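Observations on chain architecture
Residue strings, one per chain:
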Amino acid sequence: MDNIKVSIIVPVYNGAKYIGGTLDSIINQDFNGFEVIVIDDGSTDNSLEIIEERLSKSAIAHEIIHQENSGVSSARNLGIEKAQGEYLVFVDSDDYITGNHLSELYNGETDFSLIQFIKKEGKKVSTPHHISKRLMQCDELIEMELNMQMPFNFWQLMYKASIINDNDIRFNPDYIYGEDIEFALKALSFGNEVAISNEVTYYYIQHDDSAIKTSEYRRFEVVEIFENLAEFYKNQGRDDFADLIITSRIPKAIFGNMNYFFYNDYDFDEVMAKMQELDLLTKLSKYEGDSKFKYKIKTFLLNPKIYYKTWKKFKNSI
């Protein structure tokens, strides 16, 4: 296939309820020179039939791959291997993009580009983020993510395919939570500049049956992901990023996921037992950053039970 500027990679597992709308949003792009690679990850519903029906009626270059169920990371990795585009874009099978998604992302010059997104969860809709710069260094975007200064998801980015392939960057199939952020932050470390658009072109739909909703305590896997990433940065000679992960990103991830469990009425003793099993209290204590958040952590570590009762009473106002 000639003149493929962008490859869109879409992993699907039992996505019959949503995949039709997702593919329609991809097919209706105001951009020429792209392909769609859909990887059916062993679906047991009629996802594959819907995919074939939608794409067979379109003039968009496409490839449909069926594999035995191996997980979303394996599916995305297969998509990367099959992609022929100069750049890579990822879209999840239950999300959708606006018609100008690719035209906002593609410039053919920078290693990466980034758009904004809206998260929809039931009737709740997030507020899109605004970035004042139109161009930033990759290191700056990494630092912003590690400091959690902006909402960030891996599918906001368009990736230069040569960076991904030349550095053998792939999704880790051993994890179901955080592997996508690891992929993005590793990729960014090999790039120079990111073009920034404040257009909202990606709609992230949070469903009750999504992987994040059903992962339970595997949400804490993100800690191990970031520990591996810190080691990766150390090997690159980026001790500054490695230290930032240990003293900021990991404690914030632990605290945020802990409060997620509290908010969703998980048993306090069960949460604490899991945190102790994973030595998360020690890792939480390593936080260095703004005094307000540091005070929250110290208050919790001083007496977790009292913090929990107060938190439940005021629902995250402390």
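Here is a short report on the structure shown in this document. As the structure is a computational prediction, the values presented were derived from the model and not from experiment. (Residues numbered from 1 in each chain as written. Predicted model: local features only at pLDDT ≥ 70, side-chain atom pairs only at ≥ 80, totals over all residues. Heavy atoms only, no water.)

The subject of this paragraph is helix α7 (residues 179–188). Since there are 3.6 residues in each turn of an α-helix, residues three or four apart along the chain are aligned in direction. Summarising burial for α7: nine of the ten residues are buried, a large majority. Inspection of α7 places Glu179, Asp180, Ile181, Glu182, Phe183, Ala184, Leu185, Ala187 and Leu188 among the buried residues, and these make up the whole buried set. (Buried < 20%, exposed > 50% of the residue type's maximum accessible area, 1.4 Å probe, protein only. Helix = DSSP H or I, 4+ residues; strand = E, 2+ residues; numbered from the N terminus.)

Quick look at the pattern of salt bridges now. Taken as a whole and assessed by the stated rule, the structure comprises 16 salt bridges. The closest approach of N and O atoms between Glu145 and Arg249, which form a salt bridge, is 2.9 Å. One end of the pair, Glu145, is in helix α5 (residues 138–146); the other, Arg249, is in helix α10 (residues 239–263), and 104 residues separate them in sequence. A cluster of three or more residues bridged by salt bridges with shared partners is formed by Asp24, Glu53, Arg54 and Lys57. (Salt bridge = Lys/Arg side-chain N within 4 Å of Asp/Glu carboxyl O.)

Turning our eyes to something else, we now look at unusual backbone geometry. Residues other than glycine seldom take positive phi values, yet Asp265 does so here, at roughly 65°. Position of Asp265 among the secondary structure elements: in the loop between α10 and α11 (268–277). What makes Asp265 exposed here is its relative accessible area of 59%. Of note in the backbone geometry, Asp279 takes a positive phi value of approximately 60° without being a glycine. Along the chain, the position of Asp279 falls in the loop between α11 and α12 (280–284).

On the surface, a cluster of negative charge is contributed by Glu216, Asp267, Asp269 and Glu270. When you line up the elements, Asp267 lands in the loop between α10 and α11. (Patch = residues over 30% accessible without salt bridge, like charges linked within 9 Å, V, L, I, M, F, W, Y side chains within 5 Å. Areas by Shrake-Rupley, 256 points an atom, 1.4 Å probe, with all protein chains shown as cover. Lys, Arg positive; Asp, Glu negative; His and termini not counted. Charge placed at Lys NZ, Arg CZ, Asp CG, Glu CD.)

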